[in-house]
Amino acid sequence: MYDKRSKQDWLTAAIMAALGAGVVTSFAISRGQHPLIAIGITVFATAAALLVDEYLKFFKK
């Protein structure tokens, strides 16, 4: 009937995705990966998670 999701859900999804990717990124940096590549991977993973979240929300309507 109405959209229960708020803008806070988008922000929460971004934070959770960035934290999850950041854990893997920090492990990769500790193993010798270049920090800029690791940060790029984190940004890509966060963007991908947000797109999947929006994609799933579209099909739940």
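Residues numbered from 1 in each chain as written. Predicted model: local features only at pLDDT ≥ 70, side-chain atom pairs only at ≥ 80, totals over all residues. Heavy atoms only, no water.

K.L.:
Just checking my understanding: could you explain the overall build of the protein chain for this structure?
P.N.:
Regarding its fold elements, the protein chain presents two helices and zero strands. Split into buried and exposed, the 61 residues of the protein chain put 15% on the buried side. With the model as given, the accessible surface of the protein chain reaches about 5,100 Å², and the carbon-plus-sulfur share is 72%. (Helix = DSSP H or I, 4+ residues; strand = E, 2+ residues; numbered from the N terminus. Buried < 20%, exposed > 50% of the residue type's maximum accessible area, 1.4 Å probe, protein only. Areas by Shrake-Rupley, 256 points an atom, 1.4 Å probe, with all protein chains shown as cover.)

K.L.:
Even after reading the chapter, I still don't get the side chain of Thr46, so can you show me in this structure?
P.N.:
Relative to the helices and strands, Thr46 resides in helix α2 (residues 35-60). Among the residues examined, Thr46 registers a relative accessible area of 13% and is labelled buried. Excluding residues that lie within four positions of it along the chain, Thr46 makes contacts with Ala14, Ala17 and Ala18. (Contact = heavy atoms within 4.5 Å.)

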